[in-house]
Structure formats: structure tokens, C-alpha cells
Amino acid sequence: MRRGSGQAGDPAAAGQQGEPAISSPSATTWLVAWHGDLAAWLDRLGWLRTMSDWLTAVLGPVRERHQDNLVVELLHGGRWVGHPLHPALSDLPIGLWTGVMVLDATDRGAASRRGMDAAGMLSAAGILAAGATALTGLTDWTVSNDQERRVGLFHGLLNTVALGLQGASLGTRVAGHRGTARALGAASLAVTAAAGYLGGHLVFTKGVMVSRVAWAIEPRRWSRVLQEADLPDESPAAVVAEGRQIMLYRHRGTLYAIDNICSHAGGLLSRGPVADLTVTCPLHGSRFALADGRVSRGPASQPQPVLPTRIRNGWIEVRGSQPAPRRPAKGRTQP
Ligand code: FES
């Protein structure tokens, strides 16, 4: 077979130019933009906004009242787990209900058989797991913000519908209506998948419950940030070094520097109160030790980076957590 050179004037290349386009530009655009459009559409739903505001007004104060409760912190995942708990738990109902589908697809038994079978067991276990997953999701939802809150609410509503469908599927299965049970189970899994997609949007697109300081490494060298005389004792100050926002604090002559962006959802720590060398985030109340960034109360599950400090010629200097490699001295050869 003769191969074309791909250059102008080559008959093979000329023939390719005449072929129709595989897809129109608008279809191509839609294929890559629909998820963003979907989130924007959800955000414009008036009833969702109203419902979100109402739930926030009801649940917000309840959470604040109980934010010292260890169970509430554990529902977030918090400092003991080191990650949010909700995404891990959400795998359980998805996996168990997928198992129901597989068993149903391979079951050759009578369609009117009554009672629990293996698929029913999986369905029931998934329902229990979904209850626990919903509880952790609701707890995380109370500490989310703005658009994330509305998309998160829609995600939760879809999951509630999926849970209802799965419950109906289990009921009809036990009653011996296997055909209806299978259809309801399939519908439940489809709605769960849609809800899971929105959950993915919240994490991977919006960064919900993802550490906001995961990439904070600057400044790579000692950097002046504030004159020493401008930092009074026991009073937080916000400074910036190479674009990184840092909170400074001085207590009895000892300087502390900690990332100013809260690892949980980006609250500015310098605007929160400090007591016993622990700063409280003004957004959702996470607490971090100034000395080592340790979390002493969630919802944050990741410690806050701390930065080394020093005073040179009347200036406070800080350095990032990953200092730049030393430059090789002139004239010295690299190994
Ligand atoms: S932003 Fe949520 S606790 Fe700080």
C-alpha cells in the first residue's frame, strides 16, 4: 500500500482534506462543557437556593452548639482519621447495590420467590451503609460554602431518592415481586450514580474537604515580611511572602508563623481568636496549635503548616517548608 507524505500536493493528504468533520464544533463544545453548565444550572434553581438557606439557618446553629462534641468531629473524619469519612463510606452502598444488580442479572430462580435472598441481604446492607454515609455527608454539608452547599444539597436529595427506591426494591423483593424489585434496584443505582457524579464534582472541581494548603511551600528562601516593631504581642498579623499568606503571632517574645489559609476550606486564621497558643478558624471553628499546626478541633483533618522564623536587622523573616536547594559554590564541580 502506498503511504502519503502528508505534505501539500500529496494526493493522500488532499483526499483527507475533503473528508467531512467527525463532529460539529457545537457538539464538541457541549461534550466538554456540559458538567460546568450542569453545576451552573443547579446553582440557578431558586427552590434549591431557598431550601439550602433554610437548612443552613436550622442546622448551622445546631452544629455550632455541638462542635466540641467528639462524635460530630468523628463524623467529619477529623484529626483521628486524617481524611474526611464521607467519601470512604460512600463506596459501600455503591458497591453493595452493584452487587445486587449482578446477582439479579445472574439469578435464574422463580420470579415470585418470597423472602430474603443474597441480593436482598446486599440491598439491606447497602441501605444501612447509606444511612451512615448520609449522616457524614450532612455533617460535612454544614461546613461547606456558597455554591458547593447548593450542589451538595442536590447531591444529598438524589441520594435520598436512591435510598427510597432501594428501600422499595427491598420491600417488593421480600414480598415476592422480583421483577419490580429488580427494576426499582436498577433505578436506585442509576440515581446513586448521578449523585456520585455530583459528589465527584464537589471534590475534584470545587475542592470540598480537600486540604487548601497541600501545595504551600513558598517562600523558598528567608523573606522579610514585617518590621519587628510593627508586631505587637498577643495580636495576630497577616503577611504575604512570595504569594503565600501567613499569620504571625508573638507571645512573650516567641514568634510563631503559620499558614493563614485554613486547611479545611480557606478561612483566614488571622481573623480568628487566639487562646492558649491555639488559633480558631473564624469560618467553621477548626483549631490549630500555633507551635506545630496540630489540629485540636475539626472539621479540619489536616494540620496547618508552620514556618520557621527569625529576626534580622529589625525585620521578621520567614522561610517556607521546603527551602530551596543550596546553590553550588562557584568553581566547585558537581559530582
Ligand atoms: S475554613 Fe472551615 S474550619 Fe477553617
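Residues numbered from 1 in each chain as written. Predicted model: local features only at pLDDT ≥ 70, side-chain atom pairs only at ≥ 80, totals over all residues. Heavy atoms only, no water.

### What about the sheet that holds strand 5 (residues 274-275)?
- Pairing is antiparallel in the open sheet, where 4 strands are placed in the order 5-6-7-8. Each end of this open sheet is capped by a strand with a single partner; those strands are strand 5 and strand 8 (295-297).
- By the bridge criterion, 2 bridges tie strand 7 (residues 287-289) to strand 8 in an arrangement that is antiparallel. From the neighbouring strand, Phe-288 faces strand 8, where its bridge partner is Val-295. (Pairing = 2+ DSSP bridges. Helix = DSSP H or I, 4+ residues; strand = E, 2+ residues; numbered from the N terminus.)

### Description of the packing of aromatic side chains
- Enumeration according to the criterion identifies 2 aromatic pairs in this entry.
- Each ring, one from Trp-34 and one from Tyr-197, has its centre 5.3 Å from the other, and the planes form 25 degrees; the classification is stacked. Linking Trp-34 in helix 2 (residues 25-44) with Tyr-197 in helix 9 (residues 178-205), this pair joins segments that are 163 residues apart in sequence.
- For Trp-34, a relative accessible area of 30% corresponds to the partly exposed category. (Phe/Tyr/Trp six-rings, centres within 6.5 Å; stacked < 30°, edge-to-face > 60°. Buried < 20%, exposed > 50% of the residue type's maximum accessible area, 1.4 Å probe, protein only.)

### Section: the environment of Leu-103
- If you trace the backbone, Leu-103 turns up in helix 6 (residues 86-106).
- Leu-103 gets classed as partly exposed once you look at its relative accessible area, which sits at 32%.
- Excluding residues that lie within four positions of it along the chain, Leu-103 makes contacts with Ala-118, Ala-119 and Leu-122. (Contact = heavy atoms within 4.5 Å.)

### Looking at a nonpolar patch on the surface
- Side chains of Trp-30, Leu-31, Val-32, Trp-34 and Tyr-197 sit close together on the surface and give an oily, nonpolar patch of about 550 Å² of accessible area.
- Looking at which element gives the most residues to the nonpolar patch, the answer is helix 2, with 4 residues.
- Tracing the chain through its elements places Leu-31 in helix 2. (Patch = residues over 30% accessible without salt bridge, like charges linked within 9 Å, V, L, I, M, F, W, Y side chains within 5 Å. Areas by Shrake-Rupley, 256 points an atom, 1.4 Å probe, with all protein chains shown as cover. Salt bridge = Lys/Arg side-chain N within 4 Å of Asp/Glu carboxyl O.)

### Looking at unusual backbone geometry
- Here the amide bond leading from Glu-218 into Pro-219 is cis, since omega sits at -10 degrees, within 30 degrees of zero.
- Positionally, Pro-219 belongs in the loop between helix 9 and strand 1 (223-227).
- Residue Gly-298 is joined to Pro-299 through a cis peptide bond whose omega torsion reads 20 degrees.
- Locating Pro-299 in the fold gives a position in the loop between strand 8 and strand 9 (309-312).
- The backbone of Glu-234 shows a phi angle near 60 degrees, a positive value even though the residue is not glycine.
- Turning to its location among the elements, Glu-234 is positioned in the loop between strand 1 and strand 2 (237-241).
- With a phi angle near 55 degrees, Leu-277 is a residue other than glycine that sits in the positive phi range.
- Taking the relative accessible area as the measure of exposure, Leu-277 reaches 25% and is therefore partly exposed.

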